[in-house]
Amino acid sequence: ARKRPLPLFPRRIGIVTSRHGAALRDMVRVARSRFPGVGIVLAPALVQGAGAAADIAAALDAMYRYGRADVITCVARDDNRALHDLIGGTIVVDA
């Protein structure tokens, strides 16, 4: 119900991920190089371990409600575990 067409040139990109990870720095660097002047909004969340699924779902919900982003991306990946286990099945998908 929340899917929308991706804009060709986004004005604001929302990122849901850890505020301390390399993924955030990489996403900001790439976004700014491809879309100079783009606004970036962070909704910080735990992306691994106990409570990560609920934290990601809450961050996505906050981003949908208040982020005013043209595009929202969620970076939650741990190479040592299955993505399904990491995000807790349907909790994050439903968010």
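Anyway, here's the lowdown on the structure attached to this text. (Residues numbered from 1 in each chain as written. Predicted model: local features only at pLDDT ≥ 70, side-chain atom pairs only at ≥ 80, totals over all residues. Heavy atoms only, no water.)

**Remarks on the overall build of the protein**
Item 1. Within the protein, the secondary structure is distributed over 4 helices and 3 strands.
Item 2. From first element to last, N terminus to C terminus, the protein shows the α and β order β-α-β-α-β-α-α.
Item 3. Taken across its 95 residues, the protein has 31% of its residues classed as buried.
Item 4. In the protein, the share of contacts with a sequence separation of at least 24, taken over all contacts with a separation of at least 6, comes to 68%.
Item 5. Accessible surface, the protein as shown: approximately 6500 Å² in total, 54% of it carbon and sulfur. (Helix = DSSP H or I, 4+ residues; strand = E, 2+ residues; numbered from the N terminus. Buried < 20%, exposed > 50% of the residue type's maximum accessible area, 1.4 Å probe, protein only. Contact = heavy atoms within 4.5 Å. Areas by Shrake-Rupley, 256 points an atom, 1.4 Å probe, with all protein chains shown as cover.)

**Digging into the sheet that holds strand β1 (residues 12–17)**
The strands that make up a sheet are held in pairs by hydrogen bonds between backbone atoms, and each pair lies either parallel or antiparallel.
Item 1. Sheet architecture is open: 3 strands sit in the order β2-β1-β3, paired in parallel fashion. Looking at which strands have only one partner, the edges of the open sheet turn out to be β2 (39–44) and β3 (71–74). On average, each strand axis in the sheet is inclined to that of its neighbour by 20°, with strand direction left out of account.
Item 2. Examined bridge by bridge, β1 and β2 share 6 bridges and lie parallel to one another. Pairing of G14 across the sheet is with V41, part of β2. (Pairing = 2+ DSSP bridges. Axes fitted to C-alpha atoms, helices over the stretch in contact; angles between N-to-C directions.)

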